[in-house]
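Residue-level listing of the chains:
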Amino acid sequence: MKIARYLMRNTALANIPKQIERFSKYSPSPLSMKQFLDFGSANACEKTSFVFLRQELPVRLANIMKEVDFLPDKMLCTPSLQLLQSWYAQSLMEIVEFQEKNPDDGKVLSNFTEALVNIRNRHNNVIPTMAQGVIEYKESFGVDPVTNQNVQYFLDRFYMSRISIRMLINQHTLIFEGSRNPAHPKHIGSIDPNCDVVEVVKDACESSKMLCDQYYLASPEVIIKQVNAKAVGQPLHIVYVPSHLYHMLFELFKNAMRATVETHESSPSLPPIEVMVSLGDEDLTIKMLDRGGGVPLRKIDRLFSYMYSTAPRPVMDNSSNAPLAGFGYGLPISRLYAKYFQGDLQLYSMEGYGTSAVIYLKALSTESVERLPVFNKSAWRHYQTSIEADDWCMPSKEPKKLGKYNVKV
């Protein structure tokens, strides 16, 4: 029996590259928020979802797994990356097993949903595990500009792929597993068709204030204003995933509060953080302004870099206390959540004063379409590109002496 299991396991392992090659030939199929809603309505068909996901999930997994091979060999050899690759390979093969299964068989549908839940749980620690691999590589081998560029490009795509895969899995399991949240009975899976943006802002604000009070025994006041240009005086509602919006806002509030408290620690009072939420015909925009001292222009890009984090390495445990600083991935991951449905997150800073953080979201569900990475020749060429010499003059640290002769006076 053990020999049979060993042979089956090794056959499956040998089959992984073949399946990655097979499914990476297809491009992922991006869905709009409206499509998610329409599909998850009262007439949702589990059989249709099963047939779509058993093809789409392997395609999304295989596309990003092809790109993993372009990371530096020494990074791929780190224990964290080895573990990560094993998770992705196992998840791919578990879904591929359903390729020839009968969608009319209720047991098959039940097993598929159970497999999705297991895959989601297996991938819960993907972000800290990947971050650990980056740290292991940096500490052992350092970082050069080309590696930095390629790792940044890869991780943006890798984490975006992860967000999209979890979105598909959550929609299926929440709708068909019967595990709807009784506190939000009108949600379609993880989507709120009538998301009250200001309420999510307030929730994220309260959580951040509690955390700030816990660490600093003080927190700044938050002033929230709203403008509805489409329906004056009415609440601001859009179709969105509240958990995604909360993630972005919590990160921005956390950063703004920490900067404000630390900049004004010797002041008798803390300046408030101002939030403006505006809904127009195309965009829902959230602007957060703090007076936390700001950041120099040359450091803005580093705030979104996975390789330049200056945050101390957090202890990976099961503690329920959320730290005010982690792997330094908060801002880049938050920007990916904004970009996932064609939005964006940008920072504008005035050193010596404060920072404005702006979240842009699509106001219309038809325009909120998934932004997905695809492995093709363009992606391949990106990994082959080396950084060329700058075609602008770089100022030297010491100004040149322009006088040809030293004249004594």
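Read on for a plain summary of the structure. What you see is a predicted model; the values in this text were computed from it and never measured. (Residues numbered from 1 in each chain as written. Predicted model: local features only at pLDDT ≥ 70, side-chain atom pairs only at ≥ 80, totals over all residues. Heavy atoms only, no water.)

## As for the packing of aromatic side chains
Two measures describe an aromatic ring pair: the distance that separates the ring centres and the angle between the ring planes. For clarity, the threshold we go by: Two rings from Phe, Tyr or Trp (for Trp, the six-membered ring) form a pair when their centres are within 6.5 Å of each other. A pair whose planes differ by under 30 degrees is stacked, one over 60 is edge-to-face, and the rest are tilted. Secondary structure elements follow DSSP: runs of H or I of four or more residues count as helices, runs of E of two or more count as strands, with numbering from the N terminus. Burial classes: relative accessible area under 20% of the type maximum marks a residue as buried, over 50% as exposed, and values in between as partly exposed (1.4 Å probe, protein chains only). Charge over a ring is defined by NZ of Lys or CZ of Arg lying within 6 Å of the ring centre and within 35 degrees of the ring normal.
In this structure the tally under the stated criterion is 18 aromatic pairs. Summarising the aromatic geometry, the rings of Phe98 and Phe112 are spaced 5.2 Å apart at their centres and angled 80 degrees between planes, so their arrangement reads as edge-to-face. Taken together, the positions of Phe98 in the loop between helix H5 (79–96) and helix H6 (106–122) and Phe112 in helix H6 put the pair 14 residues apart, joining distant regions of the chain. Relative accessible area serves as the criterion here: at 1%, Phe112 is assigned to the buried category. Their ring planes at 70 degrees and their centres at 6.3 Å tell us that Tyr240 and Phe341 sit as a pair that is edge-to-face. Taken together, the positions of Tyr240 in strand S3 (residues 237–240) and Phe341 in the loop between helix H11 (330–340) and strand S6 (344–350) put the pair 101 residues apart, joining distant regions of the chain. Per residue, the accessibility class of Tyr240 equals that of Phe341, and both read buried. Here the aromatic residues Tyr88, Phe154, Phe158, Tyr159, Tyr306 and Tyr329 are joined through ring pairs into a cluster of three or more. Here the basic side chain of Lys101 rests over the ring of Phe98, its NZ or CZ set 4.9 Å away from the ring centre. Above the plane of the ring of Phe304 lies Arg335, whose end atom (NZ or CZ) is 4.1 Å from the centre.

## A few points about unusual backbone geometry
Even without glycine at this site, Leu217 takes up a positive phi of about 60 degrees. Within the secondary structure, Leu217 is located in the loop between helix H9 (197–216) and strand S2 (222–228). The exposed category is assigned to Leu217, whose relative accessible area is 75%. With a phi close to 70 degrees, Gln342 is a non-glycine residue in the positive phi region. Within the fold, Gln342 resides in the loop between H11 and S6.

## Quick word on the nonpolar core
For clarity, the cut-off: Among buried residues, the Ala, Val, Leu, Ile, Met, Phe, Trp, Tyr and Cys ones that are joined through side-chain atoms within 4.5 Å form a nonpolar core. Contacts were defined at the residue level, with two residues in contact if any of their heavy atoms lie within 4.5 Å.
Counting residues in each nonpolar core, the largest one holds 104 residues, and the members touching the most others are Leu249 and Phe253. Setting aside anything within four residues of it in sequence, one finds Leu249 in contact with Val200, Val201, Ala204, Ile286, Met288 and Ile359.

## Observations concerning the side chain of His187
This is how it is decided: Identification of polar contacts relies on pairs of N or O atoms within 3.5 Å, with a donor-acceptor requirement for protein atoms, meaning one able to donate a hydrogen and the other able to accept it, and with residues adjacent in sequence counted only if both atoms are side-chain atoms.
Structurally, His187 can be placed in the loop between helix H8 (145–176) and strand S1 (192–196). Side chain to side chain, His187 and Asp192 meet in a polar contact 3.5 Å long.

## A few points about the side chain of Asn228
Among the structural elements, Asn228 can be located in strand S2. Of the residues examined, Asn228 reaches a relative accessible area of 9% and is grouped as buried. Among the polar contacts listed, one links the side chain of Asn228 to the backbone oxygen of Pro235, at a separation of 3.2 Å. Residue contacts for Asn228: discarding those within four places in its chain leaves Gln234, Pro235, Leu236 and Leu279.

## Digging into empty space enclosed by the protein
Threshold: Using a grid of 1 Å spacing that covers the protein atoms alone, one calls a set of points a cavity when a 1.4 Å probe fits there but cannot get out, and a pocket when the set is open and has protein on both sides within 12 Å along at least five of seven lines; lining residues are those with an atom within 4 Å of a point. Grid points are joined across faces, edges and corners, and a volume is the space filled by probe spheres set on the points. The nonpolar class holds Ala, Val, Leu, Ile, Met, Phe, Trp, Tyr, Cys and Pro. Asp, Glu, Lys and Arg form the charged class, and all remaining residues, Gly among them, are polar.
Here the structure, examined in full by the defined rule, presents 3 cavities of 30 Å³ or more. What the largest cavity holds in volume is close to 70 Å³. What lines the largest cavity is simply Leu61, Tyr88, Ile119, Arg120, His123, Arg162, Ile165, Arg166 and Ile169. For the lining of the largest cavity, the element with the highest residue contribution is H8, accounting for 4 residues. Residue composition of the lining of the largest cavity, by class: 5 nonpolar, 1 polar and 3 charged. Looking at the second largest cavity, its volume works out to about 50 Å³. Along the walls of the second largest cavity sit Pro28, Arg60, Asn63, Ile64, Ser161, Ser164, Leu372 and Pro373, which together make up its complete lining. Only helix H3 (46–68) and H8 provide two or more residues apiece to the lining of the second largest cavity. The element best represented in the lining of the second largest cavity is H3, accounting for 3 residues.

## What to know about the environment of Ile300
Along the polypeptide, Ile300 turns up in the loop between strand S5 (283–289) and H11. Setting aside residues up to four positions removed in sequence, Ile300 forms contacts with Val295 and Ser349.

## Structural notes on the sheet that holds S6
Cut-off, in case you're wondering: Only strands that DSSP links by at least two bridges are regarded as paired with each other. Each axis is a line fitted through C-alpha atoms, and for a helix only the stretch in contact is used; angles between axes span 0 to 180 degrees, taken between their N-to-C directions.
Taking strand neighbours across the sheet as the criterion, the 5 strands line up as S2-S4-S5-S7-S6 in an open arrangement whose pairing is mixed. Bordering the open sheet on either side are S2 and S6, each of which pairs with just one other strand. On average, each strand axis in the sheet is inclined to that of its neighbour by 15 degrees, with strand direction left out of account. Summarising the sheet, strand S4 (residues 273–279) and S5 pair through 6 bridges and their orientation is antiparallel. Following the sheet pairing, Met276 is matched in S5 by Lys287.

Everything listed here is a matter of coordinates, which is why it stays silent on function.
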